[in-house]
Amino acid sequence: MKLSFKVKQTLTKIKLSKKDKILVALSGGKDSSVTAYLLKKFGYNIGGFHIDLKIGKYSEECLKKVVELCKMLPIPLYVYDKKKEMGSGMCYLRTAVQSSYKANKKGQLKNCAICGVIKKWILNREARKIKGIKYLATGHHLDDEAQTFLLNILKGSPSLSANTGVITKNVKDKKFIPRIKPLFYVLENDVREYSKKLKLPVNYEKCPCALDSYRIQVRNFLETLPGKDKENIIKNFDRLEKKIDKLRGKTKVDYCKICGEPSRNKICKKCELLNSCK
Ligand code: AMP
Ligand code: ZN
């Protein structure tokens, strides 16, 4: 099945309206660029949002590609300067969090885990500030989702997959912007080929910080499998989705006592991490 048709089917499944304002989280990489390209091509009302993480030359190149893409589509672009807004770039902040965790003997925290928590926090908070945003779209594809599903099984916590899927469920709160994943059923290789065929402005470099994560070991394993097997992992997820959701039940949303953002606990994950290095 053609990539664009698969994405169209996915969007129909979510019942998105062409009037709904969607903010696409653009990293400068191929996945989110293809996501924005297709949403625009199908006539959705989109804008782009980029977090400039200030990871040296890598971030400079990402920003350049995002600016180019938004001009080409054309769509409005919002840029969040991580250093200006939070006082430091991602590398500095991450190192501080990691060393304090280690010093407090709380174990080792992975680079991608810290960056992921902070990016999600920024995306939700900033999307809310832009008038009328109904959804946040990310470039997660089938390979990402197969990794997450498998990782949660390996951790012994399949119920952690409850909030994943094409659209975030379970969390219903006025401060929480639902996230959608238009590329959920598309293999990474197909996304790469598509972006190259269309010559989209993309930074194909990998993030220099993505070094040590357990996720990468799982990704390397999945890369040894044919696409069909990865698709089967997602088919399993689809079949089990309702049962997994029941395992977890409705997520009770509270607001973080420090930053006021929606959180499952009294203190959100981002504040827990940042507080650990004060
Ligand atoms: P990653 O966790 O880096 O694989 O990214 C997953 C998705 O998060 C991407 O497809 C983007 O939609 C979004 N994303 C990642 N990095 C950024 C960024 N610097 N700015 C905005 N969105 C991002
Ligand atoms: Zn917080």
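Residues numbered from 1 in each chain as written. Chains lettered and ligands numbered in written order. Predicted model: local features only at pLDDT ≥ 70, side-chain atom pairs only at ≥ 80, totals over all residues. Heavy atoms only, no water.

A. A look at the state of the cysteines. Overall, the coordinates contain 0 disulfides when judged by the stated rule. Summary of cysteine pairing: cysteine 207 is not part of a disulfide, and the nearest cysteine sulfur, belonging to cysteine 209, is at 4.3 Å. (Disulfide = S-S within 2.5 Å.)

B. Spotlight on the side chain of serine 195. Note that serine 195 resides in helix H8 (residues 188–197). Excluding residues within four positions of it along the chain, serine 195 makes contact with Lys30, Val34, Leu200, Val202 and Tyr204. (Helix = DSSP H or I, 4+ residues; strand = E, 2+ residues; numbered from the N terminus. Contact = heavy atoms within 4.5 Å.)

C. The site of ligand 1, seen in detail. Around ligand 1 sit Ala25, Leu26, Ser27, Ser32, Phe49, His50, Ile51, Leu53, Lys119, Thr138, Gly139 and His140, and those are all the residues in its vicinity. Contacts to ligand 1 include lysine 119, whose side-chain N or O atom sits 3.2 Å from a nitrogen atom. At 3.0 Å, a backbone N or O of glycine 139 approaches an oxygen atom of ligand 1. Surface burial for ligand 1 is 74%, taken as the share of its 480 Å² of free accessible area covered by protein chains. The residue makeup of the shell around ligand 1, split by class, is 5 nonpolar, 6 polar and 1 charged. (Near = heavy atom within 4 Å. Polar contact = N/O pair within 3.5 Å; in protein donor to acceptor, adjacent residues only side chain to side chain. Areas by Shrake-Rupley, 256 points an atom, 1.4 Å probe, with all protein chains shown as cover. Nonpolar A, V, L, I, M, F, W, Y, C, P; charged D, E, K, R; others polar.)

D. Spatial organisation of the layout of surface pockets. Roughly 270 Å³ of internal volume is contained in the second largest pocket. Lys13, Ile167, Lys169, Glu241 and Asp245 are, among the 17 residues lining the second largest pocket, the residues nearest its centre. Elements represented by at least two residues in the lining of the second largest pocket include exactly helix H1 (3–14) and helix H10 (227–248). Looking at the lining of the second largest pocket, the element that brings in the most residues is H10, giving 7 residues. Looking at the lining of the second largest pocket residue by residue, the classes come out as 7 nonpolar, 3 polar and 7 charged. (1 Å grid on protein atoms, 1.4 Å probe; cavity = no way out; pocket = protein on both sides within 12 Å on 5 of 7 lines; lining within 4 Å. Points joined across faces, edges and corners; volume = space filled by probe spheres on them.)

E. Seen up close, the coordination of the zinc ion (ligand 2). The coordination sphere of the zinc ion (ligand 2) contains the protein donors Cys256 (SG), Cys259 (SG), Cys268 (SG) and Cys271 (SG), at a distance range of 2.2 to 2.3 Å. Classification of the site at the zinc ion (ligand 2) as tetrahedral follows from its 4 donor atoms and the range of 106 to 113 degrees in their angles at the metal. Mapping the donors of the zinc ion (ligand 2) onto the primary sequence yields the spacing C-x2-C-x8-C-x2-C. Summarising the burial analysis for this pair, cysteine 259 and cysteine 268 share the class buried. (Donors = N, O, S within 2.8 Å, 3.2 Å for Na, K, Ca; no water. Tetrahedral: all angles 85-135°; square planar, octahedral: opposite > 155°, others 65-115°. Buried < 20%, exposed > 50% of the residue type's maximum accessible area, 1.4 Å probe, protein only.)

F. Molecular detail of unusual backbone geometry. Going from leucine 73 to proline 74, the amide bond is cis rather than trans, its omega being -25 degrees. Examined against the element boundaries, proline 74 turns out to sit in the loop between helix H3 (56–72) and strand S3 (77–81). Its identity is not glycine, yet lysine 15 carries a phi of approximately 60 degrees, on the positive side. Assessed through its relative accessible area of 70%, lysine 15 is described here as exposed. Its identity as a non-glycine residue notwithstanding, lysine 54 has a phi of 60 degrees, on the positive side. For lysine 54, the position within the fold is in the loop between strand S2 (45–52) and H3. When its relative accessible area of 33% is taken as the criterion, lysine 54 is described as partly exposed.

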